[in-house]
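# Tertiary structure, described
Here are the chains, one letter per residue:
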Amino acid sequence: MKIWFVLLTVLLIFINISSLLVKGEQQVPCLFIMGDSLFDNGNNNNLLTTAKANYPPYGIDFPDGPTGRFTNGKNTADFIAELLGFDKYIEPFATVKGVEMFRGVNYASGAAGIRDESGIHLGDRISLNRQLRNHKVTISHMSTLLENNMTLIQEYLSKCIYIVGMGNNDYINNYLLPQFYPSSLLYKPEKYATILAQQYEKQLKTLYRYGARKVAVFGLGSIGCIPAELDLYGTKDSVCVDSINSAVLKFVDKLKPMIDDFNSNLPNANFIYINVTSIAIGDPSSIGITNLAEPCCEISSFIAKGQCSYGGSACSDRASHYFWDGFHPTEAPNKATAERAYTALLPTDAYPFDISHLALL
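Cut-offs applied
- Residues numbered from 1 in each chain as written.
- Predicted model: local features only at pLDDT ≥ 70, side-chain atom pairs only at ≥ 80, totals over all residues.
- Heavy atoms only, no water.
- Helix = DSSP H or I, 4+ residues; strand = E, 2+ residues; numbered from the N terminus.
- Buried < 20%, exposed > 50% of the residue type's maximum accessible area, 1.4 Å probe, protein only.
- Lys, Arg positive; Asp, Glu negative; His and termini not counted.
- Salt bridge = Lys/Arg side-chain N within 4 Å of Asp/Glu carboxyl O.
- Polar contact = N/O pair within 3.5 Å; in protein donor to acceptor, adjacent residues only side chain to side chain.
- Contact = heavy atoms within 4.5 Å.
- Axes fitted to C-alpha atoms, helices over the stretch in contact; angles between N-to-C directions.
- Parallel < 35°, antiparallel > 145°, perpendicular 65-115°, else oblique.
- Left-handed = near helix turned anticlockwise from the far one by under 90°.
- Phe/Tyr/Trp six-rings, centres within 6.5 Å; stacked < 30°, edge-to-face > 60°.
- Disulfide = S-S within 2.5 Å.
- 1 Å grid on protein atoms, 1.4 Å probe; cavity = no way out; pocket = protein on both sides within 12 Å on 5 of 7 lines; lining within 4 Å.
- Points joined across faces, edges and corners; volume = space filled by probe spheres on them.
- Nonpolar A, V, L, I, M, F, W, Y, C, P; charged D, E, K, R; others polar.

### Some points on the side chain of Asp325
- Checked against the element boundaries, Asp325 lands in the loop between helix 11 (276-280) and helix 12 (331-342).
- Salt bridges are absent for the buried Asp325, whose nearest opposite-charge side chain, Arg318, sits at 13 Å.
- Reaching out from Asp325, the side chain makes a polar contact with the side chain of Tyr58 at a distance of 2.7 Å.
- Beyond its immediate chain neighbours, meaning those up to four positions away, Asp325 contacts Tyr58, Pro227, Pro295, Cys297, Ile299, Gly306, Gln307 and Cys308.

This is how it looks when you write it as structure tokens:
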């Protein structure tokens, strides 16, 4: 009796989603999210780590207060869910239950990287390899609810959108911290970028093997321009730390050819690349942002340097600040990034097309 109740519940979800898609209210049946702190919405809350944001002033502008989002309000993944027509945000893997996973799951984790060791000096974090394993667990649960009908599961997943944003911590919390990690001593920037891209390629192919067919891969921003790196390295006569941006660009430049390779050689694959650097280079003043360098919240100087102090103060003009803390944007640039990822403003924003077109496939 119980299995029939579950099957009926799942069937109703399918019918409801189909209805939403027909009405144009929700453009895809589900959204799966993998990434780091830019997308994390609570997966780190119960981990033994300093990389967490479930305390004030994080979430000062979010309806539910501090939830584990590393910003003052919504993050980019939240806005993308809205743009795709979801009526509520995608649940984190840490708390999602039962049939709710058919709407999608957010696996993102602060301090996580492509490489398993990235961010380890901060404590526990869910690397991309672990996020992929968690997705496999999700698929297993979905399969159980549908009496192991993998054909139906694969068909369903092929209609979902996946967004993946990884690599920031492989620089910020790995390559750029020689006191903790040997990577910069072992590899020159080009070699490190090559090794990183090769591992990322294998991981994205694993995601494809699990059933993903519509995947938006987010590139890295200008890490050499974030407050924490400016504070750590200084800039001499430049606005940003040019050596960092140069090193990161060597990895970013490998993403578009990777996308082309996937789309050419993986049957029914539709991968797109979101050029975060292109989006960020636009005119911030056009969306009211005038402060490009100073964090909005009071910065912690010991437990998690670069993050907001627990219960610390926050600026009142948050909409005019690009950075919330030493690493993460405020809600305003998060919204702008999501909007241009969804509907490209410039041809360089998304390749070969944007998320709104991906949803139509």
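On we go.
### Let's talk about unusual backbone geometry
- Across the junction of Pro56 and Pro57, the peptide omega takes the value 10°, indicating a cis bond.
- Within the element layout of this structure, Pro57 appears in the loop between strand 1 (31-35) and helix 2 (76-83).
- For the bond from Tyr351 to Pro352, the omega torsion is -5°, close enough to zero to count as cis.
- Structurally, the position occupied by Pro352 is in the loop between strand 5 (350-351) and helix 13 (355-360).
- In this model, Ala111 sits at a positive phi of 75°, which is unusual for a non-glycine residue.
- Position of Ala111 among the secondary structure elements: in the loop between helix 2 and helix 3 (128-145).
- Overall, the relative accessible area of 4% leaves Ala111 in the buried class.
- Phi at Asn268 takes a positive value of approximately 65°, unusual for a residue other than glycine.

### What to know about the packing of helix 5 (residues 168-175) against helix 7 (residues 189-209)
- Where helix 5 meets helix 7, the closest approach of the two axes is 12 Å, and the angle between their N-to-C directions is 130°. When the axes of helix 5 and helix 7 are compared, the pair comes out oblique. Crossing handedness for the pair helix 5 and helix 7: right-handed. Contact residues: Asp170, Tyr171, Asn174 and Tyr175 in helix 5; Pro189, Tyr192, Ala193 and Leu196 in helix 7.

### Observations concerning the packing of aromatic side chains
- Enumeration according to the criterion identifies 19 aromatic pairs in this entry.
- Where Phe93 meets Tyr107, the ring centres are 5.6 Å apart and the plane angle is 35°; that geometry is what we call tilted. Of this pair, Phe93 sits in the loop between helix 2 and helix 3 while Tyr107 is found in the loop between helix 2 and helix 3, placing the two residues 14 residues apart along the sequence.
- Arranged with centres 5.0 Å apart and planes meeting at 65°, the rings of Tyr322 and Phe323 form a pair that is edge-to-face.
- Residue classification places Phe323 among the buried positions, given a relative accessible area of 6%.
- Of the aromatic side chains, those joined through ring pairs into one cluster are Tyr171, Tyr175, Tyr187, Tyr192, Tyr200 and Phe251.

### With respect to the pattern of salt bridges
- Tallied over the full model, the rule gives 12 salt bridges.
- Measuring nitrogen to oxygen at the nearest pair gives 2.6 Å for the salt bridge that ties Asp61 to Arg318. Here Arg318 lies in the loop between helix 11 and helix 12 and Asp61 lies in the loop between strand 1 and helix 2, a separation of 257 residues in the sequence.
- The class of Arg318 is buried, set by a relative accessible area of 18%.
- Ionic pairing is found between Arg69 and Asp78, a salt bridge with its closest N-O pair at 2.6 Å. In this structure, Arg69 and Asp78 share a single accessibility class: buried.
- The structure contains a network of salt bridges with shared partners spanning Asp87, Lys88, Glu100 and Arg103.

### As for the state of the cysteines
- Under the definition given, this model contains 4 disulfides.
- One disulfide bridge connects Cys225 with Cys240, the sulfur atoms lying 2.0 Å from each other. The S-S bond linking Cys225 to Cys240 shows a torsion near 105°; that makes this disulfide right-handed. Taken together, the residues span a long stretch of sequence, with Cys225 in the loop between strand 3 (214-218) and helix 8 (227-233) and Cys240 in the loop between helix 8 and helix 9 (242-252) at a distance of 15 residues.
- According to the relative accessible area criterion, Cys240 is buried, its value standing at 14%.
- Paired by a disulfide, Cys296 and Cys315 hold their sulfur atoms 1.9 Å apart. Residues Cys296 and Cys315 are joined through a disulfide that is left-handed, its torsion about the S-S bond being -95°.

### Thoughts on empty space enclosed by the protein
- Summed over the entire model, instances satisfying the criterion amount to 1 cavity of 30 Å³ or more.
- Considering only enclosed or pocket space, the largest cavity measures out at about 30 Å³ in volume.
- What lines the largest cavity is simply Ser37, Leu38, Phe70, Thr71, Asn75, His328, Pro329 and Asn334.
- Across the lining of the largest cavity, the residue classes tally to 3 nonpolar, 5 polar and no charged.

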